[in-house]
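Each chain is listed here by its residues.
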Amino acid sequence: NNMIYMRDIVKSYKIGKNKLTVLKEVSLEIKAGEFVAILGPSGSGKSTLMNIIGCIDVADSGEYILKGENIKARNEDELAHVRNREIGFVFQKFNLLPKYKAIHNVAFPLLLRGLGKEQAYKKATRLLERVGLSDRMNHKPLELSGGEQQRVSIARALSGGPSILLADEPTGSLDSKSGSEIIEMFLALNHEGNTIVLITHDLNVAKQAKRIIHVRDGKVLEQ
Ligand code: ADP
Ligand code: ADP
């Protein structure tokens, strides 16, 4: 029951005439229901790895199987389709639509997925209740605290029923108390069966996951 299977993943960037190899034969496996932190210093290749896991980018070589599907064999449209279906993204900077209330931020992606209005708002309401924001649904992002904004973005990430929650430095813009509350939320969601992959440079954040994968100099080391 591997959710993620990577074998010998290589990724380079061209910089002028030079080539920078960021991932050097990375292999890893993440099972359904795991809560894994990918930990590494700045510049170690975490975001590059996250982009490949999240089907935002593809590797130069190596094998990536996501929930039984070979990702390498896919074109841009197919990649977008897999990404849409399988991945819920949570970002450091929340990436909410600033002019819209929390409820709309969560309902819009559901409407885009073709849900009817009533169903979309019902589901968005449930998701916001799930992340503890029943009394904040009609606030716009800037009327919410950082921790609350991140909860809205978690509700949005969950809206498509993703196989994986992929969180890139989700506590990076938060004070330590709100940060801990977000990690608590991930632990609770993981307890309910969600697979969570958290990318961070912060050991204290990574330690709260159930397993740590270290990235260093383009290689991974399991702990
Ligand atoms: P991290 O997320 O761990 O900070 P990144 O994956 O963002 O690491 O970057 C790893 C290395 O790859 C860095 O040296 C960075 O400058 C370089 N890099 C990342 N993205 C690109 C790109 N699109 N083009 C060229 N170099 C890049
Ligand atoms: P505004 O955000 O402009 O103050 P509303 O919060 O009333 O306006 O929402 C704008 C539109 O979003 C509504 O006209 C309605 O179509 C839709 N909407 C908001 N909440 C719900 C809901 N609970 N059920 C169905 N539609 C809703």
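Residues numbered from 1 in each chain as written. Chains lettered and ligands numbered in written order. Predicted model: local features only at pLDDT ≥ 70, side-chain atom pairs only at ≥ 80, totals over all residues. Heavy atoms only, no water.

You'll find the protein chain entered in an unreviewed UniProt entry as Putative ABC transport system ATP-binding protein, with Geosporobacter subterraneus DSM 17957 given as the organism.

S.K.: Just give me the short version of the nonpolar core, but keep the residues and values in it.
M.R.: Grouped together as the largest cluster of nonpolar side chains are 38 residues, with contacts concentrated most on L128, V152, I154, L165, F186 and L189. Of all the elements in the fold, those that place two or more residues in this core are strand 3 (35–39), helix 3 (102–112), helix 4 (117–130), helix 5 (146–158), strand 7 (164–168), helix 6 (176–191), strand 8 (195–200) and helix 7 (203–206). In this view, V152 contacts L96, A102, N105, V106, L128, L133 and L144; residues no more than four positions away in its chain are not counted. Counting residues in each nonpolar core, the second largest holds 31 residues, with V26, L49, I164 and I213 among its members. (Core = buried A, V, L, I, M, F, W, Y, C linked by side-chain atoms within 4.5 Å. Buried < 20%, exposed > 50% of the residue type's maximum accessible area, 1.4 Å probe, protein only. Helix = DSSP H or I, 4+ residues; strand = E, 2+ residues; numbered from the N terminus. Contact = heavy atoms within 4.5 Å.)

S.K.: Could you give me a rundown of the packing of helix 5 against helix 6, with the residues and numbers involved?
M.R.: Contact geometry for helix 5 and helix 6: axes closest at 9 Å, N-to-C directions at 25°. Considering the angle they form, helix 5 stands roughly parallel to helix 6. The interaxial crossing formed by helix 5 with helix 6 has right-handed handedness. Contact with helix 5, carried on its side by G147, Q150, R151, I154 and L158, involves S178, E181, I182, M185, F186 and L189 of helix 6 and no other residues of that element. (Axes fitted to C-alpha atoms, helices over the stretch in contact; angles between N-to-C directions. Parallel < 35°, antiparallel > 145°, perpendicular 65-115°, else oblique. Left-handed = near helix turned anticlockwise from the far one by under 90°.)

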